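Structural overview for review
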Amino acid sequence: MGHNDTARSSNYLGIDVHKALLDRANGWAAARGLSGNVSYVQANVVVSAAAILGSYPGRRVRLVSIQYPDPQQRRRRHVVGRQLVAALAEVLPPGCQVYLNSDFEDTATYMRNCFECFGSQHFEIDAAAHAPGATFPCSAMLQPVRPDLVGRPRAARANAATSRPESGSVSGSESEGGSVSDGSGSGSEEAEIVDEEEVDMLQWRGRWREAGWLLRNPVGAPTEREVYVELATKQQVYRVMLVRR
Ligand SMILES: C[S@@+](CC[C@H](N)C(=O)[O-])C[C@H]1O[C@@H](n2cnc3c(N)ncnc32)[C@H](O)[C@@H]1O
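Small disclaimer: the values here were computed from a predicted structure and weren't measured.

Once that is clear, we can look at the site of the ligand. In the region of the ligand, 17 residues are neighbours, and Asp16, Asn44, Val45, Thr223 and Arg225 sit closest. Arginine 225 places a polar main-chain atom, nitrogen or oxygen, 2.7 Å from an oxygen atom of the ligand. Starting from 590 Å² of accessible surface for the ligand in isolation, the protein chains cover 88%. For the shell around the ligand, the class distribution of residues is seven nonpolar, five polar and five charged.

This next bit is on the pairing of strand β3 (residues 63-67). Two faces, one strand: in a regular strand the side chains alternate between the faces of the sheet. The alternating pattern of β3 places Val64 and Ile66 on a buried face, while none of Leu63, Ser65 and Gln67, on the opposite face, is buried. Inspection of the sheet shows β3 paired to strand β4 (residues 97-102) by five bridges, in the parallel sense. Opposite isoleucine 66, over in β4, you have leucine 100 as the bridge partner.

If you look at the biggest cluster of nonpolar residues, it comprises 33 residues, and the most contacted ones within it are Ile66, Leu88, Leu92, Phe115 and Phe123. The leading source of residues in this core is helix α4 (residues 105-119), at six residues. If sequence neighbours within four positions are ignored, isoleucine 66 has contacts with Val80, Leu84, Leu88, Tyr99, Leu100, Asn101, Met111 and Phe115.

What follows covers empty space enclosed by the protein. With the rule as written, the count across this model stands at two cavities of 30 Å³ or more. Size it by volume and the largest cavity reaches roughly 50 Å³. Along the walls of the largest cavity sit 10 residues, with Pro69, Asp70, His78, Val79 and Thr107 positioned nearest its centre.

Basis of the calculations
- Residues numbered from 1 in each chain as written.
- Predicted model: local features only at pLDDT ≥ 70, side-chain atom pairs only at ≥ 80, totals over all residues.
- Heavy atoms only, no water.
- Near = heavy atom within 4 Å.
- Polar contact = N/O pair within 3.5 Å; in protein donor to acceptor, adjacent residues only side chain to side chain.
- Areas by Shrake-Rupley, 256 points an atom, 1.4 Å probe, with all protein chains shown as cover.
- Nonpolar A, V, L, I, M, F, W, Y, C, P; charged D, E, K, R; others polar.
- Buried < 20%, exposed > 50% of the residue type's maximum accessible area, 1.4 Å probe, protein only.
- Helix = DSSP H or I, 4+ residues; strand = E, 2+ residues; numbered from the N terminus.
- Pairing = 2+ DSSP bridges.
- Core = buried A, V, L, I, M, F, W, Y, C linked by side-chain atoms within 4.5 Å.
- Contact = heavy atoms within 4.5 Å.
- 1 Å grid on protein atoms, 1.4 Å probe; cavity = no way out; pocket = protein on both sides within 12 Å on 5 of 7 lines; lining within 4 Å.
- Points joined across faces, edges and corners; volume = space filled by probe spheres on them.

This is the structure we're talking about:
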(Lines give C-alpha, C1' and ligand atoms only; values in the text may rest on other atoms or scores of the structure.)
Protein backbone atom coordinates (compact mmCIF):
# COMPACT_ATOMS: atom_id res chain seq x y z
CA MET A 1 0.00 0.00 0.00
CA GLY A 2 2.82 2.37 0.92
CA HIS A 3 4.46 1.55 -2.40
CA ASN A 4 1.47 3.04 -4.26
CA ASP A 5 1.67 6.23 -2.23
CA THR A 6 4.32 7.93 -4.36
CA ALA A 7 3.84 11.26 -2.60
CA ARG A 8 4.57 9.54 0.74
CA SER A 9 1.56 11.41 2.06
CA SER A 10 0.53 8.75 4.57
CA ASN A 11 2.09 6.46 7.13
CA TYR A 12 1.20 2.77 7.24
CA LEU A 13 1.36 0.61 10.33
CA GLY A 14 0.87 -3.13 10.29
CA ILE A 15 0.13 -5.06 13.50
CA ASP A 16 0.43 -8.80 14.01
CA VAL A 17 1.31 -11.11 16.86
CA HIS A 18 3.60 -13.25 14.74
CA LYS A 19 7.14 -11.85 14.77
CA ALA A 20 8.54 -13.74 11.78
CA LEU A 21 5.87 -12.21 9.54
CA LEU A 22 6.67 -8.75 10.85
CA ASP A 23 10.39 -9.14 10.30
CA ARG A 24 9.75 -10.21 6.73
CA ALA A 25 7.34 -7.33 6.10
CA ASN A 26 9.75 -4.78 7.58
CA GLY A 27 12.44 -6.25 5.33
CA TRP A 28 10.25 -5.73 2.27
CA ALA A 29 9.54 -2.14 3.31
CA ALA A 30 13.25 -1.45 3.81
CA ALA A 31 14.14 -3.01 0.46
CA ARG A 32 11.73 -0.60 -1.23
CA GLY A 33 12.95 2.44 0.67
CA LEU A 34 9.65 2.74 2.53
CA SER A 35 10.82 2.35 6.12
CA GLY A 36 10.13 6.00 6.88
CA ASN A 37 6.43 5.55 6.13
CA VAL A 38 5.77 1.83 6.50
CA SER A 39 6.33 -0.17 9.65
CA TYR A 40 5.13 -3.40 11.22
CA VAL A 41 4.98 -3.93 14.96
CA GLN A 42 4.28 -6.93 17.13
CA ALA A 43 1.18 -6.53 19.27
CA ASN A 44 -2.07 -8.16 20.19
CA VAL A 45 -4.41 -5.76 18.42
CA VAL A 46 -7.27 -6.50 20.80
CA VAL A 47 -5.22 -5.38 23.76
CA SER A 48 -3.16 -2.61 22.15
CA ALA A 49 -5.32 -0.98 19.46
CA ALA A 50 -6.49 1.88 21.65
CA ALA A 51 -2.98 2.70 22.90
CA ILE A 52 -1.32 2.46 19.48
CA LEU A 53 -3.96 4.26 17.41
CA GLY A 54 -4.80 6.74 20.15
CA SER A 55 -1.18 7.88 20.32
CA TYR A 56 -0.94 8.77 16.63
CA PRO A 57 -0.27 12.54 16.42
CA GLY A 58 -3.40 14.57 15.87
CA ARG A 59 -5.57 11.43 15.93
CA ARG A 60 -5.48 11.59 12.14
CA VAL A 61 -5.97 7.89 11.51
CA ARG A 62 -7.85 7.57 8.22
CA LEU A 63 -8.18 3.83 7.73
CA VAL A 64 -8.09 0.72 9.90
CA SER A 65 -8.02 -2.59 8.04
CA ILE A 66 -8.70 -5.93 9.68
CA GLN A 67 -7.77 -8.28 6.90
CA TYR A 68 -8.15 -12.02 6.76
CA PRO A 69 -8.20 -12.72 10.49
CA ASP A 70 -7.94 -16.38 11.34
CA PRO A 71 -11.26 -17.89 10.29
CA GLN A 72 -14.05 -18.94 12.60
CA GLN A 73 -12.99 -22.58 12.52
CA ARG A 74 -9.57 -21.83 13.90
CA ARG A 75 -10.27 -19.18 16.46
CA ARG A 76 -10.52 -19.72 20.14
CA ARG A 77 -11.21 -16.07 20.56
CA HIS A 78 -11.93 -13.71 17.75
CA VAL A 79 -9.86 -10.67 17.00
CA VAL A 80 -13.00 -8.67 16.33
CA GLY A 81 -15.36 -8.62 19.26
CA ARG A 82 -16.93 -6.28 21.75
CA GLN A 83 -13.51 -5.22 23.12
CA LEU A 84 -11.94 -4.22 19.81
CA VAL A 85 -15.08 -2.45 18.62
CA ALA A 86 -15.12 -0.38 21.82
CA ALA A 87 -11.41 0.42 21.52
CA LEU A 88 -11.76 1.62 17.93
CA ALA A 89 -14.85 3.64 18.75
CA GLU A 90 -12.88 5.38 21.48
CA VAL A 91 -9.86 6.43 19.42
CA LEU A 92 -10.87 6.74 15.76
CA PRO A 93 -11.84 10.17 14.49
CA PRO A 94 -15.09 10.83 12.58
CA GLY A 95 -14.72 9.85 8.94
CA CYS A 96 -12.10 7.17 9.60
CA GLN A 97 -12.84 4.07 7.54
CA VAL A 98 -12.77 0.53 8.92
CA TYR A 99 -12.21 -2.13 6.30
CA LEU A 100 -13.02 -5.77 7.11
CA ASN A 101 -12.47 -8.76 4.89
CA SER A 102 -12.22 -12.52 4.87
CA ASP A 103 -12.29 -15.36 2.41
CA PHE A 104 -14.84 -17.01 4.74
CA GLU A 105 -18.30 -15.47 4.68
CA ASP A 106 -19.02 -16.54 8.24
CA THR A 107 -15.89 -14.77 9.48
CA ALA A 108 -16.68 -11.59 7.55
CA THR A 109 -20.28 -11.76 8.78
CA TYR A 110 -19.14 -12.22 12.33
CA MET A 111 -16.90 -9.15 12.19
CA ARG A 112 -19.56 -6.99 10.56
CA ASN A 113 -22.20 -8.16 13.05
CA CYS A 114 -19.93 -7.30 15.97
CA PHE A 115 -19.50 -3.75 14.71
CA GLU A 116 -23.21 -3.39 14.11
CA CYS A 117 -24.34 -5.01 17.35
CA PHE A 118 -21.79 -3.41 19.67
CA GLY A 119 -20.94 -0.22 17.81
CA SER A 120 -23.71 1.04 15.56
CA GLN A 121 -23.87 4.29 17.52
CA HIS A 122 -20.24 4.91 16.45
CA PHE A 123 -19.96 3.18 13.07
CA GLU A 124 -22.06 2.79 9.96
CA ILE A 125 -21.76 1.21 6.52
CA ASP A 126 -19.68 3.42 4.23
CA ALA A 127 -22.42 4.19 1.71
CA ALA A 128 -19.97 5.71 -0.77
CA ALA A 129 -17.94 2.51 -0.92
CA HIS A 130 -21.10 0.37 -1.03
CA ALA A 131 -22.56 2.25 -3.98
CA PRO A 132 -25.00 0.46 -6.32
CA GLY A 133 -23.06 -1.86 -8.61
CA ALA A 134 -20.09 -2.08 -6.25
CA THR A 135 -21.44 -4.98 -4.22
CA PHE A 136 -22.88 -8.47 -4.34
CA PRO A 137 -25.50 -9.80 -1.90
CA CYS A 138 -24.76 -11.59 1.33
CA SER A 139 -25.84 -15.23 1.42
CA ALA A 140 -29.38 -15.66 2.69
CA MET A 141 -28.33 -18.54 4.92
CA LEU A 142 -24.94 -18.97 6.55
CA GLN A 143 -23.69 -22.43 7.20
CA PRO A 144 -22.95 -22.48 10.94
CA VAL A 145 -19.33 -23.28 11.63
CA ARG A 146 -20.21 -25.13 14.80
CA PRO A 147 -23.71 -26.52 14.11
CA ASP A 148 -23.31 -28.62 17.23
CA LEU A 149 -23.50 -25.45 19.31
CA VAL A 150 -26.12 -23.39 17.53
CA GLY A 151 -29.65 -23.62 18.87
CA ARG A 152 -28.70 -25.55 21.96
CA PRO A 153 -29.42 -24.32 25.46
CA ARG A 154 -26.70 -22.13 26.91
CA ALA A 155 -25.66 -24.67 29.55
CA ALA A 156 -25.13 -27.32 26.89
CA ARG A 157 -23.12 -24.88 24.81
CA ALA A 158 -20.91 -24.07 27.75
CA ASN A 159 -20.15 -27.76 28.28
CA ALA A 160 -19.40 -28.28 24.60
CA ALA A 161 -17.27 -25.18 24.56
CA THR A 162 -14.80 -26.64 27.01
CA SER A 163 -14.20 -29.77 24.96
CA ARG A 164 -11.65 -29.89 22.19
CA PRO A 165 -12.82 -29.47 18.58
CA GLU A 166 -13.03 -32.40 16.22
CA SER A 167 -10.11 -32.53 13.88
CA GLY A 168 -9.96 -32.89 10.13
CA SER A 169 -13.05 -30.93 9.13
CA VAL A 170 -11.41 -27.63 8.35
CA SER A 171 -10.95 -26.31 4.87
CA GLY A 172 -9.34 -23.13 3.74
CA SER A 173 -6.75 -20.87 5.23
CA GLU A 174 -4.20 -21.69 7.82
CA SER A 175 -2.51 -18.88 9.65
CA GLU A 176 1.01 -18.60 8.32
CA GLY A 177 2.67 -18.87 11.65
CA GLY A 178 0.85 -22.09 12.46
CA SER A 179 -0.98 -22.13 15.75
CA VAL A 180 -1.71 -18.58 16.78
CA SER A 181 -3.10 -17.50 20.09
CA ASP A 182 -4.34 -14.04 20.83
CA GLY A 183 -1.80 -13.84 23.59
CA SER A 184 -4.25 -14.57 26.36
CA GLY A 185 -3.87 -18.33 26.39
CA SER A 186 -1.18 -20.96 26.32
CA GLY A 187 -1.19 -21.94 22.63
CA SER A 188 -1.91 -25.47 21.50
CA GLU A 189 -2.61 -26.76 25.01
CA GLU A 190 -5.31 -24.16 25.55
CA ALA A 191 -8.80 -25.64 25.83
CA GLU A 192 -11.14 -24.39 23.14
CA ILE A 193 -13.28 -21.59 24.39
CA VAL A 194 -16.41 -20.83 22.43
CA ASP A 195 -17.95 -17.74 23.87
CA GLU A 196 -21.74 -17.81 24.00
CA GLU A 197 -21.75 -14.27 22.66
CA GLU A 198 -19.68 -15.41 19.68
CA VAL A 199 -22.10 -18.18 18.82
CA ASP A 200 -25.01 -15.78 19.01
CA MET A 201 -23.18 -13.18 16.95
CA LEU A 202 -23.00 -15.43 13.89
CA GLN A 203 -26.76 -15.92 13.97
CA TRP A 204 -27.55 -12.31 14.74
CA ARG A 205 -29.57 -10.62 11.99
CA GLY A 206 -28.84 -6.94 11.66
CA ARG A 207 -29.54 -4.41 8.92
CA TRP A 208 -26.02 -3.94 7.61
CA ARG A 209 -26.17 -7.21 5.69
CA GLU A 210 -28.41 -5.38 3.22
CA ALA A 211 -25.34 -3.40 2.09
CA GLY A 212 -23.83 -6.61 0.67
CA TRP A 213 -20.15 -7.38 0.15
CA LEU A 214 -17.81 -5.21 -1.90
CA LEU A 215 -16.87 -6.71 -5.24
CA ARG A 216 -13.37 -5.29 -5.18
CA ASN A 217 -10.62 -4.39 -2.75
CA PRO A 218 -11.16 -0.67 -2.08
CA VAL A 219 -7.81 0.08 -0.44
CA GLY A 220 -5.52 -0.37 -3.39
CA ALA A 221 -3.21 -3.18 -2.33
CA PRO A 222 -3.70 -6.87 -1.60
CA THR A 223 -2.35 -8.49 1.54
CA GLU A 224 -0.23 -11.61 1.32
CA ARG A 225 -3.31 -13.72 2.06
CA GLU A 226 -5.29 -11.90 -0.62
CA VAL A 227 -2.67 -12.61 -3.25
CA TYR A 228 -3.08 -16.30 -2.49
CA VAL A 229 -6.86 -16.35 -2.15
CA GLU A 230 -8.02 -14.06 -4.89
CA LEU A 231 -5.24 -13.86 -7.41
CA ALA A 232 -3.77 -17.37 -7.20
CA THR A 233 -6.77 -19.56 -6.35
CA LYS A 234 -9.62 -17.28 -7.54
CA GLN A 235 -11.70 -17.76 -4.40
CA GLN A 236 -14.41 -15.38 -3.28
CA VAL A 237 -13.55 -12.62 -0.81
CA TYR A 238 -16.13 -10.98 1.47
CA ARG A 239 -15.45 -7.30 2.11
CA VAL A 240 -17.21 -4.52 3.92
CA MET A 241 -16.25 -0.89 4.50
CA LEU A 242 -17.48 0.93 7.59
CA VAL A 243 -16.94 4.51 8.61
CA ARG A 244 -16.68 6.15 12.02
CA ARG A 245 -19.64 8.50 12.47
C1 LIG B 1 -4.75 -15.59 8.04
S2 LIG B 1 -3.44 -14.58 8.65
C3 LIG B 1 -3.59 -13.12 7.65
C4 LIG B 1 -2.35 -12.29 7.64
C5 LIG B 1 -2.44 -10.98 6.86
N6 LIG B 1 -3.40 -10.08 7.50
C7 LIG B 1 -2.83 -11.19 5.43
O8 LIG B 1 -3.96 -10.84 5.05
O9 LIG B 1 -2.01 -11.72 4.67
C10 LIG B 1 -4.10 -14.05 10.22
C11 LIG B 1 -3.07 -13.28 11.04
O12 LIG B 1 -3.70 -12.76 12.21
C13 LIG B 1 -2.69 -12.68 13.21
N14 LIG B 1 -3.35 -12.51 14.52
C15 LIG B 1 -4.14 -13.40 15.16
N16 LIG B 1 -4.58 -12.87 16.32
C17 LIG B 1 -4.07 -11.63 16.40
C18 LIG B 1 -4.16 -10.58 17.36
N19 LIG B 1 -4.89 -10.74 18.49
N20 LIG B 1 -3.50 -9.41 17.14
C21 LIG B 1 -2.76 -9.26 16.02
N22 LIG B 1 -2.64 -10.21 15.07
C23 LIG B 1 -3.28 -11.38 15.25
C24 LIG B 1 -1.92 -13.97 13.03
O25 LIG B 1 -0.62 -13.91 13.58
C26 LIG B 1 -1.90 -14.11 11.51
O27 LIG B 1 -0.71 -13.61 10.95
